[in-house]
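Below are the chains, spelled out letter by letter.
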Amino acid sequence: MISWGCDIIMTKTISCNFTGKDCSWSAESTRNDDEELMSMVKEHVLAEHKEIELNSENIANIKSLIKVTKRFWWWG
Ligand SMILES: [Zn+2]
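Just so you know, these numbers come straight off a predicted model, no measurement behind them. (Residues numbered from 1 in each chain as written. Predicted model: local features only at pLDDT ≥ 70, side-chain atom pairs only at ≥ 80, totals over all residues.)

Novice: Quick question: what am I supposed to make of helix H1 (residues 34–48) here?
Specialist: Think of an α-helix as 3.6 residues a turn; residues three or four steps apart then line up on the same face. In a regular helix each residue adds 1.5 Å, so 15 residues correspond to 21 Å; H1 covers 21 Å between its end C-alpha atoms and thus fits that length. Within H1, burial applies to Leu-37, Val-41 and Val-45. Seen along its axis, H1 keeps its buried residues to an arc of 70°; they face one direction. When the buried face of H1 is taken as reference, the exposed residues oriented beyond 90 degrees from it are Glu-35, Glu-43, Leu-46 and Ala-47. Structurally, H1 contributes buried residues whose contacts are with strand S1 (5–15), strand S2 (26–29) and helix H2 (56–64). (Helix = DSSP H or I, 4+ residues; strand = E, 2+ residues; numbered from the N terminus. Expected span 1.5 Å × (residues − 1). Buried ≥ 20, exposed ≤ 12 C-beta atoms within 10 Å, placed from the backbone. Arc of directions from axis to C-beta. Contact = placed C-beta atoms within 7 Å.)

Novice: What's the story with unusual backbone geometry in this structure? I'm lost.
Specialist: The backbone of Asn-32 sits at a positive phi, close to 60°, despite the residue not being glycine. Mapping Asn-32 onto the fold places it in the loop between S2 and H1. Take Asn-32: there are 12 C-beta atoms within 10 Å of it, and that puts it in the exposed class.

Novice: Can you walk me through the sheet that holds S2 in this structure?
Specialist: Here three strands make up an open sheet; going across it, the order is S2-S1-S3 and the pairing antiparallel. Of all the strands in the sheet, just S2 and strand S3 (67–75) have a single pairing partner and so form its edges. Strand-to-strand twist in this sheet, taken as the mean axis angle between neighbours without regard to direction, amounts to 40°. When S1 meets S3, the two strands line up antiparallel, connected through nine bridges. Residue pairing for S3: Cys-6 is matched across the bridge by Trp-74. (Pairing = 2+ DSSP bridges. Axes fitted to C-alpha atoms, helices over the stretch in contact; angles between N-to-C directions.)

Novice: What exactly am I supposed to notice about the environment of Phe-18 here?
Specialist: Among the secondary structure elements, Phe-18 is positioned in the loop between S1 and S2. Considered as a pair, Phe-18 and Lys-70 are 52 residues apart in the sequence and their alpha carbons are 22 Å apart. When residues no more than four places from it in sequence are discounted, the contact partners of Phe-18 are Asn-61, Ile-62 and Leu-65.

Printed below as a string of structure tokens:
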């Protein structure tokens, strides 16, 4: 019986470089889920970058910056 191992999972990440500010914030969705990521982005923008309007154009821009990465996921 296998009691440990590793999977390769796809995650989505976004860094706060869409603001043009010197900000090191980033977020990751291990569920590979755009909506989860965008809700984290919205929270961050509301807290730190109130000058950025979350209109549909900006949201589309931010979504285009989402990166898909492969990650090793150890379990067991
Ligand atoms: Zn930021």
